[in-house]
Structures are given as C-alpha cells and as structure tokens.
Amino acid sequence: MAKPRFMQLVTLALLVGGMSASLLLAQGKTFKVGVPLPLTGAEAKFGEMEKQAYEMAVNEINAKGGVKGTNLVLDIQDSGGKPETATAIVEKFITIDKYPIVVGEYSSQCSYAVAGVAEKYKVPYLVVTGAADKITQQGWKNVYRLNPPASLYNMGVFSFFENVAKPKTIAILYENTDFGTSTSKAMKEYCDAHGVNVVLFEGYQAGGVDFKPILQKVKSLRPDVVYMVSYLMDASLLMRQSKELDINPQIFIGGGAGHTLPEFLQNAAEASEYCMSATLWTPQAKYPGAKEFFDNFKKKFDKEPDYHGAEAYAAAYVLADTLKRAKSFTADDIRTALSETNMMTAFGPVKFVSWGKFTNQNRMDTLVLQVINKKFETVWPKEGASAKYVFPAPHWRDRK
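Once a new chain begins, its residue numbering starts again from 1 and follows that chain's sequence as written. Local features in this predicted model are restricted to residues of pLDDT 70 or higher, and side-chain atom pairs are both shown and tallied only at a pLDDT of 80 or more, whereas totals for entire chains, interfaces and linings draw on every residue. By convention in this description, side-chain values take in all heavy atoms of the structure and omit both hydrogens and water.

## Some remarks on the overall build of the protein
Here's step 1: Under the DSSP-based scheme used, a helix requires at least four consecutive residues in state H or I and a strand at least two consecutive residues in state E, with every element numbered from the N terminus. Looking only at helices and strands, one finds 13 helices and 16 strands in the protein.
Here's step 2: Every radius of gyration here is taken over C-alpha atoms, with the globule rule written as 2.2 Å times N^0.38, N being the number of residues. The C-alpha atoms of the protein give a radius of gyration of 22 Å, which matches the 21 Å a tight globule of 400 residues would have.
Here's step 3: Burial statistics for the protein: of 400 residues in total, 57% are counted as buried.
Here's step 4: Throughout, a contact is declared for two residues whenever any of their heavy atoms are within 4.5 Å. When contacts within the protein are restricted to residue pairs at least 6 apart in sequence, those whose partners lie at least 24 apart make up 70%.
Here's step 5: Per-residue and other accessible areas were derived by the Shrake-Rupley procedure at a 1.4 Å probe size, with only the shown protein chains allowed to occlude residues. Surface summary for the protein: the accessible area is close to 16800 Å², and the carbon and sulfur share equals 53%.
Here's step 6: Positive charges are assigned to Lys and Arg, negative charges to Asp and Glu, while His and the chain termini are left out of the count. Think of each charge as sitting on NZ of Lys, CZ of Arg, CG of Asp or CD of Glu. Separation between the mean location of the 46 positive side-chain charges and that of the 41 negative ones in the protein comes to 4 Å. Only protein chains enter the accessibility calculation, which uses a 1.4 Å probe. A residue is then buried if its area is under 20% of the maximum for its type, exposed if over 50%, and partly exposed in between.

Set out below in structure tokens:
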C-alpha cells in the first residue's frame, strides 16, 4: 500500500536532510536535554541545588517563548555521584534517546567520565561544575566547560595573599579526589613559586569521622594559613574539630566546594565564622542578573544558592543561546554554535577559548568570600566586596 503523502514527505526529509530524531522532537515544540546529576549519595546537596537552578532557568526561558517557539524539557537522571552510573545514563541519552547535546554532572570524576562518552559519540557536552584540569586538557572537540578549571579557582586567593595576608607558611589538606588533588596541587605550585613554605601537604579519604590525627599535625606546625579542599560534611567537620583542638592560624581558607554551601554555615555552626573560601561567584558579583537570580532562588526554594547553583542557572541560558544560534538542532550544528558562544550570564562571561593545554574552556575571575556574622560576604577583590575582610582571624578564645 502506498504511503500517505505526509509520510512520504517525512521520509524524504530524513533521507535528504539527515534530520535527527531530536530535530523532529523540536519541531513538535519540545526539545529534550539530558542532564545527569547526583541526586542521592554524598553529593546530593550539590545535585539538588543544581537541579533546582536548571529547572528555574528553563521555566523562565519557556515562559518567554522558549527557543524558536520550542520549549526546553530537562531529562534529569540520578547518577548517585558514581562515574559508572553517569556513563551508563549518558550512553542511553545519546544512543537510545538520541539527544544531540548533554549538559551537567557535578563532580570531576563523573564529568570526566561523561566527557569521554560524549567525545566517543561526537555529541557536544557542556561541563558545568566538574573542575579537574584534565577534563579540558585532552584535546577533545566535543567537550566545552563553563566553569574555570581547578587550577584557576584560587586566583582570587592568590591576590589576597599578595596584597593582604602575605603568609610565610601554609598547611594544605585535601580530599583525594580529582577536584581535591587538582586544586591543592595548584595551591602548592603557587606557594612553591612565591616562597610560601608548605609545611604540610596531605590528602585524606572523603567521608572521615575523625580528622583529629591530621589536625594535630597542623597544630604542631603552627602555619599562618590552613587551606582545605573538601566537600560539605568534611569541610564542616574539619572546622568543628579545628575549633575543638584550638588551632589558630591567621586564617582558615577553603578551596570552594563544601566551604561555600549554605549548609556549611549550619553544619559547622560557630566554627565557620571568619573562614574564607575561594569561590567562582557570589550574589554581590557585578554580573547582570546575579542578585536577581539569588533573590528569586531563595524565595522559591527557601535557601541561598552558591556558585554551583549559579553555574547551573547560567548553563541553561547558554544552552538556550546556543540553540537559538544553531542552524538546526543536530549535534554538528549545536557544536558549531556552542563553540561560538560569547555572552554574559548571571554567573559571569562565557566564551570558550583554548590556551596552553586547555581546549574549549571558559575563563573568568574568581573571588574570595568570608563568613562574617554567620553569613557569607564577598571580601576580595576590594572593588567587588560586600564587606571588609577580617584578617587575621581572632583566636577561638577571644571570640564572643
């Protein structure tokens, strides 16, 4: 029996234009995007915040007409923070669901694993929070990273060292993950090059219940700075036990991650006071829409977002901008449009460039925040500060 005229036309379009299933989906007024995230497990707090930020942004985009009259739809799947689960999810996104772009994941391990899958299938992948340097150092043509690499997370901290703290000694503690080792290595290299004596450089297993043995080493060495790269629960416990052991450096500084989440203030409680951290974003950042995003997120979800939420929110807008400029919703055209991105977001500027070993990597300034009166304040650089930094931090016994 002869095919109906409509089916003949569709078949012809598929044969001639190489149209993907995702393009047909888009023509049906929805465009699905695969997003793997850790919604259970140790990193679930990060995944939850990012999920909420993605959904908030997509709702805003769709309320304004979507992309070319097409609504964005998020297919968010729980990786549990496990690389093997993340890769299985993304294999399905690409080979079965036929999604022409993948966005997301949280940790460096999962992001690196997903990047390998995306490169294998030649599908563009927008990395949003995974920070290990190696993710964009493989020469991969399909992997684009919105956030700075781990080695640049501390640029604001370095500036603070040079202009204010001028430390002579430092102890570096780090979770032995891709993010922890990359970030702490960058700090050590900076200190070695600038005459800051690294008196302790020690990794630890994530999820510890007692950091007192390693902290006793820190106390005996009496460093000017204690620098820690930790996720939420470890960051909180390290600070609480530092207080219990009466460790009093000039300042405690985190390398981002757990030291910037609002739950850090709750979990570390008074031990969080005066702790500084590198950060990629704060609501006081001078980016259009930064404060509005912060206020709207807090109102909607009754909690404050940190830079992870801002990254996810911005990533949705980068996706929308990319799709608007793409000639079609195929992987090839989306990749081309993504590579030409040059825009300002609530998270900051986004432009993918290559330098040194990095390929398709966004580059931007980083900041320093500090807990002052039980809330996060931007303290460095001075021109973007919301409060004056407290340095050196008073000894525990001298605090009210």
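## Side note on helix H13 (residues 331–339)
Here's step 1: Buried within H13 we find Ala331, Ile334, Arg335, Ala337 and Leu338. Relative to the axis of H13, the buried residues are bounded by an arc of 165° and lie together on one face.
Here's step 2: Contact partners of the buried residues in H13: strand S1 (30–37), strand S5 (143–145) and helix H12 (307–325). Directions are taken from the helix axis to each C-beta atom, and the arc is the one they span.

## Considerations on the packing of helix H6 (residues 155–165) against helix H7 (residues 178–193)
Here's step 1: Relative orientation of the contacting elements H6 and H7 amounts to 25°, with a least axis distance of 11 Å. For the element pair H6 / H7, the angle class is roughly parallel. Here H6 and H7 pass one another in a crossing that is right-handed. Residues Val157, Phe158, Phe161 and Glu162 of H6 form the contact with H7, whose participating residues are Ala186, Met187 and Tyr190.
Here's step 2: Classification convention: Asp, Glu, Lys, Arg as charged; Ala, Val, Leu, Ile, Met, Phe, Trp, Tyr, Cys, Pro as nonpolar; all other residues, Gly among them, as polar. Each residue belonging to the contact of H6 with H7 can be placed in one class, and the counts come to six nonpolar, no polar and one charged. For helices, the fitted axis covers only the stretch in contact; all axes are lines through C-alpha atoms, and the angles between them, taken along N-to-C directions, range from 0 to 180 degrees. In this scheme, roughly parallel covers angles under 35 degrees and roughly antiparallel covers those over 145, while 65 to 115 is roughly perpendicular and the rest are oblique. Crossing handedness is read from the near helix: turned anticlockwise from the far helix by less than a right angle, it gives a left-handed crossing, and turned clockwise, a right-handed one.

## A word on unusual backbone geometry
Here's step 1: Of note, the bond from Trp380 into Pro381 is cis; its omega dihedral lies within 30 degrees of zero at 0°.
Here's step 2: Looking at where Pro381 falls in the secondary structure, it is placed in the segment after strand S16 (375–380).
Here's step 3: Here the bond from Phe391 into Pro392 is cis, since omega is -5°, no more than 30 degrees from zero.
Here's step 4: Although it is not a glycine, Lys98 adopts a positive phi angle of roughly 60°.
Here's step 5: Within the secondary structure layout, Lys98 lies in the loop between helix H4 (83–95) and strand S3 (102–103).

## Thoughts on the packing of aromatic side chains
Here's step 1: Pairs were defined over the aromatic rings of Phe, Tyr and Trp, the Trp ring being its six-membered one, requiring ring centres within 6.5 Å. Orientation was assigned from the angle between planes: stacked under 30 degrees, edge-to-face over 60, tilted for the rest. Under the counting rule described, the total for this entry stands at 25 aromatic pairs.
Here's step 2: With centroids separated by 5.8 Å and ring planes inclined at 90°, the aromatic side chains of Phe160 and Phe391 adopt a geometry described as edge-to-face. Separated by 231 residues along the polypeptide, Phe160 in helix H6 and Phe391 in the segment after S16 bring together distant segments of the chain.
Here's step 3: Since its relative accessible area comes to 21%, Phe391 is described here as partly exposed.
Here's step 4: The rings of Phe46, Tyr106, Tyr153, Phe179, Tyr231 and Tyr307 are connected pair by pair, giving a single aromatic cluster.
Here's step 5: Charges are assigned to positions over rings by a cutoff of 6 Å between ring centre and Lys NZ or Arg CZ, combined with an angular limit of 35 degrees from the ring normal. Above the ring of Phe201, the side-chain terminus of Lys188 is found at 5.9 Å from the ring centroid.

## A short note on the domain arrangement of the protein
Interface size is commonly expressed as the accessible surface area that is lost when the partners come together.
Here's step 1: For the domain bounds, the source is a domain assignment made automatically or taken from a database. Under the domain assignment, the protein is made up of domain 1 (29–148 + 287–362) and domain 2 (152–279 + 366–398).
Here's step 2: In short, buried area is how much 1.4 Å probe accessible area vanishes from two parts on joining, totalled over both. Across the domain 1 to domain 2 interface the summed buried area is about 1500 Å²; carbon plus sulfur atoms make up 64%.
Here's step 3: With a shortest N-O distance of 4.0 Å, Lys45 and Glu263 are connected by a salt bridge.
Here's step 4: Within 3.5 Å is the distance limit for a polar contact, defined as a pair of N or O atoms, with the added protein rule that one can donate a hydrogen and the other accept it, and that residues adjacent in sequence qualify only through two side-chain atoms. On the surface where domain 1 and domain 2 come into contact, there are four residue pairs in polar contact (both at pLDDT 80 or more).
Here's step 5: Looking at the side of domain 1 that touches domain 2, the elements with two or more residues in it are helix H3 (44–63), helix H5 (108–121) and H12.
Here's step 6: Among the residues forming the side of domain 1 that touches domain 2, the class breakdown is eight nonpolar, five polar and six charged. Salt bridge criterion: a side-chain nitrogen from Lys or Arg within 4 Å of a carboxyl oxygen from Asp or Glu.

## Structural notes on the environment of Glu43
Here's step 1: Inspection of the secondary structure puts Glu43 in the loop between S1 and H3.
Here's step 2: On the basis of relative accessible area, Glu43 is assigned to the buried category, the value being 14%.
Here's step 3: Remark: the alpha-carbon pair of Glu43 and Ser107, spanning 64 residues in sequence, is separated by 8.1 Å.

## Let's talk about the side chain of Arg145
Here's step 1: Tracing the sequence through the fold places Arg145 in strand S5.
Here's step 2: One buried charged side chain, Arg145, makes no salt bridge at all; its nearest oppositely charged neighbour is Asp133, positioned 5.2 Å away.
Here's step 3: From its side chain, Arg145 meets the backbone oxygen of Ala132 in a polar contact 2.8 Å long.
Here's step 4: A polar side-chain atom of Arg145 sits 2.7 Å from a polar atom in the side chain of Thr136.
Here's step 5: When near neighbours in sequence (up to four residues on either side) are disregarded, Arg145 contacts Val127, Gly130, Ala131, Ala132, Asp133, Ile135, Thr136, Phe352, Phe358, Asn360, Gln361 and Asn362.

## As for the pairing of strand S12 (residues 348–351)
Here's step 1: Strands are labelled as partners when DSSP assigns at least two bridges between them. Inspection of the sheet shows strand S11 (residues 342–345) paired to S12 by four bridges, in the antiparallel sense. Bridging from a neighbouring strand, Thr345 pairs with Gly348 of S12.
Here's step 2: Joining the antiparallel neighbours S11 and S12 is a turn of two residues.

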